Protein chains: 2
Amino acid sequence: MPEIRLETPAEASRAFYSAFASRSIEAMMAVWSKADDITCIHPMAYRLTGPRAIRRSWEQIFHNAPPLRFHNSEEQLTLSGEMAVQALHETILVEGESGPHPAIIATNIFRLERAGWRIILHHAAPLPDVSEEIPEAHQVH
Amino acid sequence: MPEIRLETPAEASRAFYSAFASRSIEAMMAVWSKADDITCIHPMAYRLTGPRAIRRSWEQIFHNAPPLRFHNSEEQLTLSGEMAVQALHETILVEGESGPHPAIIATNIFRLERAGWRIILHHAAPLPDVSEEIPEAHQVH
């Protein structure tokens, strides 16, 4: 895949979610920085560091995943020099299913590199399920 | 509380966890930027935006919390101009309890402001409990 030019953090974000929805590993990795310290935290999973581990995780996700659509909401973008922080809710709709999956809350960090804006951190985590009590153990934080 | 000078992202991080452990709301809010778009995501909770909502959440946490100690690990800090991204594992030890609470994975973002380094985002989420299966619903992400 030829290198893509992502001119703004918003454009990089769109490319990230488009690659995710279309389950394209090459499109996904083209949005990520190639730096050794890029970081990816999937929901309820351990942190992954570096392009090799992150690529493998997306390969596994895309291997299992049916076609998806994203309905992102609550987007907030803070730009500060050559970095941008995006916080948003991801709602995933899976083809053939009657309703959306439980929403995910995500923090994405983009950095302006020579090739344009690239993602350097993706931290996704479950939002509270209002039907469940929050376990006691979480109440100190 | 007089304004504190935090000279590095690492110093701001230490001030954040020291305020957390000592349950001091003034020390905690002194580490946060005063910007309207500061963001805080506690484990399994909705996103909070802005100093007022974030202050209230820490007041509630500190009101309920017993004395704590943090054993942070797996720290990784990426500096890029006037922003710094920290990813780490937080292990909370509560006085009088026999073992640690389930570990938390956190992303913190610090920004260099006129008053020094300040936290602008804290995203904390549970790490997987190896004794539990990950629910089917999470497998698409």
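Participant: Help me get a handle on the sheet that holds strand β6 (residues 116-126) of chain A, residues and values and all.
Facilitator: Pairing between the strands of a sheet is mediated by backbone hydrogen bonds and can be parallel or antiparallel. All names here are of chain A. Strand order in the open sheet formed by six strands is β2-β1-β6-β5-β4-β3, with mixed pairing between adjacent strands. Every other strand in the sheet has two partners, leaving β2 (47-49) and β3 (68-80) as the edge strands with one partner each. Ignoring which end each strand starts from, the neighbouring axes of this sheet average 25 degrees apart. One ladder, built from eleven bridges, connects β3 with strand β4 (residues 83-94); its direction is antiparallel. Bridged to F70 within β4 is I92. Contacting β3, β4, β5 (104-113) and β6, helix α1 (residues 9-22) runs over the sheet at an angle of about 155 degrees to β3.

Participant: Break down the interface of chain B and chain A for me, citing the residues and quoting the values.
Facilitator: Taken together, the contact between chain B and chain A spans 49 residues of the former and 49 residues of the latter. Summing the contributions of chain B and of chain A, the shared interface buries around 4400 Å²; its carbon and sulfur component is 66%. Where chain B touches chain A, the interface holds zero salt bridges. Those elements that provide at least two residues to the side of chain B that touches chain A are β1 (39-41), β2 (47-49), α3 (51-64), β3 (68-80), β4 (83-94), β5 (104-113) and β6 (116-126) of chain B. Ranked by residues supplied to the side of chain B that touches chain A, first place goes to β4(B) with eight residues.

Participant: Residues and numbers for the packing of aromatic side chains, please.
Facilitator: Under the defined criterion, the tally for this structure stands at 18 aromatic pairs over all chains. For the pair F16(A) and Y17(A), a centre-to-centre distance of 4.8 Å together with 85 degrees between the ring planes defines the contact as edge-to-face. Look at F20(B) and F62(B): their rings are 6.1 Å apart centre to centre, the planes differ by 50 degrees, and that puts the pair in the tilted class. Here F20(B) is found in helix α1 (residues 9-22), whereas its partner F62(B) is found in helix α3, with 42 residues between them in sequence. Both residues of the pair, F20(B) and F62(B), count as buried. Of the aromatic side chains, those joined through ring pairs into one cluster are F16(A), Y17(A), F20(A), W32(A), W58(A), F62(A) and F70(A).

The rules behind these values
- Residues numbered from 1 in each chain as written.
- Chains lettered and ligands numbered in written order.
- Predicted model: local features only at pLDDT ≥ 70, side-chain atom pairs only at ≥ 80, totals over all residues.
- Heavy atoms only, no water.
- Pairing = 2+ DSSP bridges.
- Helix = DSSP H or I, 4+ residues; strand = E, 2+ residues; numbered from the N terminus.
- Axes fitted to C-alpha atoms, helices over the stretch in contact; angles between N-to-C directions.
- Contact = heavy atoms within 4.5 Å.
- Buried area = accessible area lost by both parts, 1.4 Å probe.
- Salt bridge = Lys/Arg side-chain N within 4 Å of Asp/Glu carboxyl O.
- Phe/Tyr/Trp six-rings, centres within 6.5 Å; stacked < 30°, edge-to-face > 60°.
- Buried < 20%, exposed > 50% of the residue type's maximum accessible area, 1.4 Å probe, protein only.

Nothing here speaks to function; it is all geometry.
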